[in-house]
Amino acid sequence: MSPLLLLIFFVSLLPNTYPISAPSFPLFTNSRWIVDSTGQRVKLACVSWAAHLEPVAAEGLSKQPVDFVAKKVVDLGFNCVRFTWAVQMVTNASVGSITLRQSLLQLGLNESVAGVSVNNPELLDLNLVQVYQEVVAALARSNLMVILDNQLSKPGWCCSRYDGNGFFGDEYFDTDEWLSGLKIIATMFTSTPNVVGMSLRNEFRGPNQNLTLWYRYIQEGAEVVHSANPNLLVILSGLNFDLDLSFLLLKQTTLSFTNKLVYEIHWYEFSNGADWENGNQNNVCASVVKSTLLRGGFLLEQGWPLFLSEFGFDQSGTHLADNRYLTCFLSVTAEWDLDWALWALQGSYYLRDGQVAYDDESYGLLTRDWCKARNPSFVKRISALQSPLQGPGLSNKNPYNLIFHPLTGLCVVMDSPSKPLQLGPCADSKAWNYTSDGKLVVKGTSYCLQSVNLGKNAKIGTDCSKPNSKWELLSNSSMHISSKLHKTGTLLCLDIGSDGTIITNRCKCLFENGTCSPESQWFKIILSNKDITRGDSNLALPLVASWLSKLLLLGFWR
Ligand SMILES: *[C@@H]1O[C@H](CO)[C@@H](O)[C@H](O)[C@H]1NC(C)=O
Ligand SMILES: *[C@@H]1O[C@H](CO)[C@@H](O)[C@H](O)[C@H]1NC(C)=O
Ligand SMILES: *[C@@H]1O[C@H](CO)[C@@H](O)[C@H](O)[C@H]1NC(C)=O
Ligand SMILES: *[C@@H]1O[C@H](CO)[C@@H](O)[C@H](O)[C@H]1NC(C)=O
Ligand SMILES: *[C@@H]1O[C@H](CO)[C@@H](O)[C@H](O)[C@H]1NC(C)=O
Ligand SMILES: *[C@@H]1O[C@H](CO)[C@@H](O)[C@H](O)[C@H]1NC(C)=O
């Protein structure tokens, strides 16, 4: 073999740090996983983009060019957009066949017209259905997957119990009109492969909810969508603002097709009636996790994909309850390795709740001018959860554990046994094993995690039989990883030092009320079988690299 070939050979052995393999469409389901047509797990990491309000157009077209927005979504690490629509856009000509300009003008949104004419002039005089299609096309150009989500029938801000859009038969929710709307939209995108799924209806709600009718019409809707466009994932929403799928425990849906059905559920700070401000955070988190399991999480165990299609928080970071909810939420999203959609992309609205001035969306991923991320630290924090941790076809690795820190979105990383452990990207983690006897072992080695003393760095050792190598998951949240000081019996909990290294401190907030924030000590031991390239090859890489540089120095390739 010539030196050049040798070199190429060795370079090819180097780990591919960013394996980019676009999913091959269409998508299917395989037990609880969404998979591509080759059977490989695809994780939906979506953000919702609203197009269902009174102007019946994707928000923000007056702020930035549509391709800029699509590219921004990609840059922020998302692979998917949950794109909303209102039934009347396609069933009522006086709603959907007017142009974007006419729609904005009739609402008195002259400034928005000016904005669109600067940022998206080619869209201004298309009709609203065409504008919707053009946005989907822009998302396709950026290789984003799209879930088409039917928010309501009559365009407007969603959702309230009494808005006439909450359940079949409500004032604006005509079941036949809905079915024909589903059919039109499903058919419209038969040759747009990046449109991977349709959510049949967002957040059923209100006084007319009725389980018999839910089964009847949701199954009918699912069949309509599937026969119009069999490529789509069919996504079904539960009752009570999509907080409740518990009824599926007793009775599943009956459909003519298989491997295409996904359930969706929502989860906000206010969803579980929890007192995030005053309660003990370990108990609050534990109880909302339990309630989420009962509301729909059990479906995963039963082998159904569960799309957490709305979560969100005040991105200003000033809302205490939201912040606490988010940390708990992220721990579950990591543990269950959920598919999810953030509410919401839009940094502002043309018009919301009849008000032009009320246009700043505090839950918005983007700023009011749609220019950049409102909360860059959130984007870093969610990034480990934007790619799959588990599932079919990820790698040939056996499952291992990661020690995830939901407050930062980072993982406990060991660079070398002699250096202090730190928080770092989960992709840089070692494969840990939390064993049945409470050890945290670096898989395939004799190294294990050990506590030293209060305020001291946790360390890596090889004598793993001593009590300081034994770690218990404490508190109702099970997120305090604790070991007992041998002499005094003092409980130590893993925590983050001011320099980002892993230390052990006195366990926080095991019993205190909401004045106490335990989140720095919350770690979630999660399962993964994804390739962790740097983590695994640290030892081998320097060898190969020095070998390569010698080859180069010696001029062997000439
Ligand atoms: C169609 O939309 C127009 C404008 O909003 C509305 O006045 C009309 O009632 C709608 N027609 C139907 C059949 O819903
Ligand atoms: C908005 O624009 C329309 C059409 O250009 C114009 O007729 C109308 O007077 C404008 N309204 C306001 C409030 O400027
Ligand atoms: C639900 O709808 C069915 C079918 O229309 C009806 O028989 C039943 O009484 C309704 N149940 C409730 C609780 O309203
Ligand atoms: C941890 O090690 C035990 C015993 O060797 C093994 O049975 C288990 O599958 C491992 N678990 C993980 C997550 O690596
Ligand atoms: C943990 O939860 C259990 C059951 O809900 C409760 O009885 C117990 O008081 C909680 N623990 C603490 C420390 O509050
Ligand atoms: C919470 O605990 C703090 C500190 O122990 C105490 O001062 C406060 O009164 C408690 N608040 C509630 C609502 O129990």
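Residues numbered from 1 in each chain as written. Chains lettered and ligands numbered in written order. Predicted model: local features only at pLDDT ≥ 70, side-chain atom pairs only at ≥ 80, totals over all residues. Heavy atoms only, no water.

**Q** Before we go on, may I ask you to explain the overall build of the protein in this structure?
**A** Helix and strand content of the protein: 15 helices and 22 strands. Relative to its length of 558 residues, the protein is compact, with a C-alpha radius of gyration of 25 Å against a globular reference of 24 Å. Along the first, second and third principal axes, the C-alpha set of the protein runs to 75 × 70 × 50 Å. Counting all 558 residues of the protein, 57% fall into the buried class. Summarising the internal contacts of the protein: among those between residues at least 6 apart in sequence, 72% fall at separations of at least 24. For the protein, the exposed area adds up to about 22,700 Å²; of that, 55% sits on carbon and sulfur atoms. Across the protein, the 44 positively charged side chains and the 48 negatively charged ones have centroids separated by 11 Å. (Helix = DSSP H or I, 4+ residues; strand = E, 2+ residues; numbered from the N terminus. Rg over C-alpha atoms; globule rule 2.2 N^0.38 Å. Buried < 20%, exposed > 50% of the residue type's maximum accessible area, 1.4 Å probe, protein only. Contact = heavy atoms within 4.5 Å. Areas by Shrake-Rupley, 256 points an atom, 1.4 Å probe, with all protein chains shown as cover. Lys, Arg positive; Asp, Glu negative; His and termini not counted. Charge placed at Lys NZ, Arg CZ, Asp CG, Glu CD.)

**Q** Is there a simple way to think about the environment of Gln302 in this case?
**A** Along the chain, Gln302 falls in the loop between helix H11 (281–301) and strand E9 (306–311). In sequence terms Gln302 and Ser103 are 199 residues apart; their C-alpha atoms lie 46 Å from each other. For Gln302, the residues in contact, after removing those within four places along its chain, are Leu248, Leu249 and Gln252.

**Q** Would you mind showing me how to read the environment of Ala274 here?
**A** Of note, Ala274 is situated in the loop between strand E8 (261–266) and H11. Sequence-wise, Ala274 and Cys285 are eleven residues apart; in three dimensions their C-alpha atoms are separated by 8.5 Å. The residues contacting Ala274, other than those within four sequence positions of it, are Val284 and Val288.

**Q** Would you mind showing me how to read the sheet that holds strand E7 (residues 233–237) here?
**A** Read once around its circumference, the closed barrel built from eight strands follows the order E3-E4-E5-E6-E7-E8-E9-E10, with strand pairing classed as parallel. Put simply, the sheet's adjacent strands are angled 25° from each other on average, direction ignored. Pairing geometry for E7 and E8, over four bridges, is parallel. Within E8, the position partnered with Leu236 by the bridge is Tyr263. (Pairing = 2+ DSSP bridges. Axes fitted to C-alpha atoms, helices over the stretch in contact; angles between N-to-C directions.)

**Q** Help me understand the state of the cysteines, please; the structure alone is not making it clear to me.
**A** Put plainly, a disulfide is one covalent bond tying together the sulfur atoms of two cysteines. Applying the stated criterion across every chain yields a total of seven disulfides. Paired by a disulfide, Cys285 and Cys328 hold their sulfur atoms 2.1 Å apart. Linking Cys285 and Cys328, the disulfide has an S-S dihedral of approximately 85° and is accordingly described as right-handed. Of this pair, Cys285 sits in helix H11 while Cys328 sits in helix H12 (residues 320–336), and the two are 43 residues apart along the sequence. (Disulfide = S-S within 2.5 Å.)

**Q** Please clarify how the sheet that holds strand E20 (residues 491–496) should be interpreted in this entry.
**A** Hydrogen bonds along the backbone pair up the strands of a sheet, which may run parallel or antiparallel. Taken in spatial order, the four strands of this open sheet run E18-E19-E20-E21, and their pairing is antiparallel. Unpaired on one side and paired on the other, strand E18 (472–474) and strand E21 (502–506) mark the two borders of the sheet. The sheet shows a mean angle of 50° between the axes of neighbouring strands, direction not considered. Across three bridges, the pairing between strand E19 (residues 480–484) and E20 is antiparallel. Across the sheet, Ser482 pairs through a bridge with Cys493, a residue of E20.

**Q** Looking at this model, I keep getting lost on the nonpolar core. Mind explaining?
**A** Soluble globular proteins: nonpolar side chains tend toward being buried together. Residues Trp49, Phe83 and Leu148 are the most contacted members of the largest nonpolar core, which totals 121 residues. If you tally residues by element for this core, the top one is H12, at nine residues. Two domains each provide a minimum of three residues to this core, namely domain 1 (3–273 + 293–323 + 338–383) and domain 2 (400–528). Among all residues touching Leu148, those that are not within four sequence positions of it are Phe83, Trp85, Tyr132, Val136, Ile185, Phe189, Val195, Gly197, Met198 and Ser199. (Core = buried A, V, L, I, M, F, W, Y, C linked by side-chain atoms within 4.5 Å. Domains from an automatic or database assignment.)

**Q** Hey, could you run me through unusual backbone geometry in this one?
**A** For residues besides glycine, phi is generally negative; the peptide bonds are generally trans as well. Residues Phe25 and Pro26 are joined by a peptide bond in cis, for which omega reads 0°. Along the polypeptide, Pro26 turns up in the loop between helix H1 (3–13) and strand E1 (28–30). Geometrically, the link from Trp343 to Ala344 is a cis peptide bond, its omega value of 10° lying close to zero. As for its position among the elements, Ala344 is in the loop between strand E10 (339–342) and helix H13 (376–382). One non-glycine residue with positive phi stands out, namely Glu203, at about 45°. Examined against the element boundaries, Glu203 turns out to sit in the loop between strand E6 (195–199) and helix H9 (211–228).

**Q** For this particular structure, what's the right way to read the layout of surface pockets?
**A** Counted as a void, the second largest pocket has a volume near 340 Å³. Lining the second largest pocket are 17 residues; nearest its centre among them are Cys158, Tyr268, Phe270, Glu310 and Trp343. Looking at the lining of the second largest pocket residue by residue, the classes come out as nine nonpolar, four polar and four charged. (1 Å grid on protein atoms, 1.4 Å probe; cavity = no way out; pocket = protein on both sides within 12 Å on 5 of 7 lines; lining within 4 Å. Points joined across faces, edges and corners; volume = space filled by probe spheres on them. Nonpolar A, V, L, I, M, F, W, Y, C, P; charged D, E, K, R; others polar.)

**Q** Sorry, what's going on with the UniProt feature "domain: Ricin B lectin" (unreviewed entry) in the protein here?
**A** Under the feature "domain: Ricin B lectin" (unreviewed entry), the UniProt entry names residues 398–519. When the span residues 398–519 is considered, its composition is 0% helix and 36% strand, and the gap between its end C-alpha atoms is 30 Å. (UniProt positions renumbered as here; feature names shortened; annotations may be inferred.)

**Q** Hey, could you run me through the pattern of salt bridges in this one?
**A** When charged atoms on two side chains of opposite charge get close, those side chains can pair. This structure, assessed with the given rule, holds 15 salt bridges. A salt bridge links Arg82 to Asp149, with the nearest nitrogen and oxygen atoms 3.1 Å apart. With Arg82 in strand E4 (residues 80–86) and Asp149 in strand E5 (residues 145–152), this pair connects stretches of sequence that are 67 residues apart. Here Lys466 and Asp463 are joined by a salt bridge, their closest N and O atoms 3.3 Å apart. Judged by its relative accessible area of 47%, Lys466 is partly exposed. (Salt bridge = Lys/Arg side-chain N within 4 Å of Asp/Glu carboxyl O.)

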